[in-house]
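# Inside the fold
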Amino acid sequence: MRAVVYDRYGPPEVLRLEDVERPVPKDDEVLIKIHATSVTRTDIGLRSGKPFIVRLFFGLLRPKQRILGTELAGVVEAVGAAVSQFAVGDHVFGSTPAFRTGAHAEFICLEETAPIAHKAEGMTFEQAGAVTDGVILALMCLEAAHVGKGQRIVVYGASGSIGTAGVQLAKHFGADVTAVCNTKNVDLVRSLGADRVVDYTKEDFTKSGETYDVIFDAVGKHSFSRCKDSLKAGGAYVATDGFRNLFLAMWTSRIGDKKVLFPIPPHYTKKNVLLLKELIEAGRYRAVIDRCYPLVDVIEANKYVETEQKTGNVVLAVK
């Protein structure tokens, strides 16, 4: 089968398309023919080996897993003898388990208990192949902050993969949402259900005098020190990046009435994928797709994601 592989950490050019051995499903696994996957912020970090701490889990000197990619949508090609939830021909979507990659390829084997489900009705493979990662990461953060009805939340970086998910999920939980993004994405983010949208190129939400229960930094570009005065007593700054926040989370859990939350490791579960499917089919969630590249153009896709200017998700079509 064709797959995008890399043998060393570095820029997008370390990636190459290569013929590799097609996997064979074990008794508890399904073999999925992948139609679409995505390039995420996680892929960029794993490919570059930055921050260095990722190497402690994925290979100190070189990557242990040669194929990147965590999200996928496709068709079940074969099933193991013990598999009962899926059958050959089923259309599925979801993600690889935490700390596992391999979706930038024509086929992948996953346990039937992995975070995969039957594809939501009405979704294309391209939409389904780039919808789970942002949702799972946003959901983990919102649940850590106990976001619920009547709470006031800021989603900073509301037009990215995690941000577009954060806006929609926060509204699902009943929160009052202030979304922060750049000028070109104001209308898009408003259409996702945000109660108000702040254009950060024109206004600094931390200078408005408003206070919030939760400030969710979906892009890792803000900081607790800048947001602290905009939090209510008992409020939380939820981080998605920056390992300084791990230490701040431990510190603020003991001192002060405003907390830093840095939920790790990611919780990639079938339950979360099934919740996403339910929301999509009920018309309460939609995938935001920026661009779609063929698998052969994976280097260009990586370069685009590295600009940090993508809106929503970037798809790799595997055909």
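Residue numbers restart at each chain and count upward from 1, following the sequence in its written direction. Reporting in this predicted model follows two pLDDT cut-offs: at least 70 for local features of residues, and 80 or more for side-chain atom pairs to be given and counted; totals over whole chains, interfaces and linings ignore these cut-offs and use all residues. Side-chain metrics rest on all non-hydrogen atoms present in the structure, leaving aside hydrogens and water.

### Focus on unusual backbone geometry
A cis geometry characterises the amide bond from Lys50 onward to Pro51, with omega recorded as -5 degrees. Relative to the helices and strands, Pro51 is located in the loop between α1 (41-48) and α2 (55-58). In this chain, Ile264 is followed by Pro265 through a cis amide linkage whose omega measures -5 degrees. Here a strand is any run of E in DSSP of at least two residues, a helix any run of H or I of at least four, and the numbering for each starts at the N terminus. If you trace the backbone, Pro265 turns up in the loop between β13 (259-261) and α9 (270-281). In this structure, Glu308 takes a positive phi of about 60 degrees despite not being glycine. Mapped onto the elements of the fold, Glu308 is located in the loop between α10 (298-306) and β15 (313-317).

### Comments concerning the environment of Ile299
Within the secondary structure, Ile299 sits in helix α10. Measuring from C-alpha to C-alpha, the distance between Ile299 and Arg66 comes to 15 Å, with 233 residues separating the pair along the chain. The contact rule is simple, with two residues in contact once any of their heavy atoms fall within 4.5 Å. Sequence-distant contacts of Ile299, defined by excluding residues within four places in its chain, comprise Pro12, Glu13 and Leu15.

### Considering the side chain of Thr40
Its place among the elements puts Thr40 in the loop between β3 (29-39) and α1. In the analysis that follows, any N or O atom pair within 3.5 Å is treated as a polar contact, provided that within protein one partner can donate a hydrogen and the other can accept it, and provided that, for residues neighboring in sequence, both atoms belong to side chains. Polar contacts involving the side chain of Thr40 include one to the main-chain amide nitrogen of Thr42, which spans 3.2 Å. When residues no more than four places from it in sequence are discounted, the contact partners of Thr40 are Glu71, Asp133 and Val305.

### Thoughts on the pattern of salt bridges
Whenever a carboxyl oxygen of Asp or Glu lies within 4 Å of a side-chain nitrogen of Lys or Arg, that contact is scored as a salt bridge. If you walk through the whole model with that rule in mind, you get 17 salt bridges. Among the salt bridges present, the one from Glu13 reaches Lys303, with a minimum N-O distance of 3.1 Å. Of this pair, Glu13 sits in the loop between β1 (2-5) and β2 (16-19) while Lys303 sits in helix α10, and the two are 290 residues apart along the sequence. The rule is simple: take the accessible area with a 1.4 Å probe, protein chains only, and divide by the maximum for that residue type; under 20% is buried, over 50% is exposed, in between is partly exposed. Here Glu13 falls in the partly exposed class, since its relative accessible area comes to 46%.

### Some words on the packing of aromatic side chains
Each pair of aromatic rings is reported with the distance of its centres and the angle of its planes. The rule is short: rings of Phe, Tyr and Trp, with Trp giving its six-membered ring, pair when the centres are within 6.5 Å, and they are stacked under 30 degrees, edge-to-face over 60, tilted in between. Under the defined criterion, the tally for this structure stands at 7 aromatic pairs. Pairing Tyr6 with Tyr9 gives two aromatic rings, centres 6.5 Å apart and planes at 70 degrees, and the pair type is edge-to-face. The exposure class of Tyr9 is buried, given its relative accessible area of 10%. Ring geometry for Phe205 versus Tyr212: centroids 6.4 Å apart, planes at 70 degrees, classification edge-to-face. For the pair shown, Phe205 and Tyr212 are each scored as buried. Put simply, the rings of Tyr156, Tyr200, Phe205 and Tyr212 touch in pairs and so form one group of aromatic residues.

### Observations regarding α1
For α1, a buried count of 6 out of 8 residues is recorded, marking the element as mostly surrounded by other parts of the structure. Burial in α1 covers these residues: Asp43, Ile44, Gly45, Leu46, Arg47 and Ser48. Turning to α1, the residues buried within the fold contact β3, α2 and α10. Two to three positions downstream of the cap, the backbone nitrogen of Thr42 sits 3.2 Å from a side-chain oxygen, assigning the N-cap of α1 to Thr40. One or two steps after α1, the chain reaches Gly49, where phi turns positive at roughly 75 degrees.

### Focus: the sheet that holds strand β12 (residues 231-239)
Only strands that DSSP links by at least two bridges are regarded as paired with each other. Spatially, β10-β9-β8-β11-β12-β13 is the arrangement adopted by the 6 strands of the open sheet, whose pairing is parallel. Each of the sheet's edge strands pairs with one partner strand only, and the pair in question is β10 (196-199) and β13. Ignoring strand direction, the axes of neighbouring strands in this sheet form an average angle of 20 degrees. Note that strand β8 (residues 152-156) and strand β9 (residues 176-181) share 5 bridges and pair parallel. For helices, the fitted line uses only the C-alpha atoms of the stretch in contact; every axis is such a line through C-alpha atoms, and the angle between N-to-C directions lies from 0 to 180 degrees.

### Things to note about the nonpolar core
The definition of a nonpolar core used throughout is a set of buried Ala, Val, Leu, Ile, Met, Phe, Trp, Tyr and Cys residues joined through side-chain atoms within 4.5 Å. Ranked by internal contacts, the top residues of the largest apolar core, which has 51 residues, are Ile153, Val167 and Phe216. Considering every element that reaches this core, the biggest residue donor is helix α4 (residues 132-144), with 8 residues. With residues near it in sequence (within four places) discarded, Phe216 still touches Ala138, Cys141, Leu142, Ile153, Val154, Val155, Tyr156, Ile162, Gly166, Val238 and Thr240. Within the second largest apolar cluster, 33 residues are counted, among which are Val54, Val76, Leu110 and Ala114.

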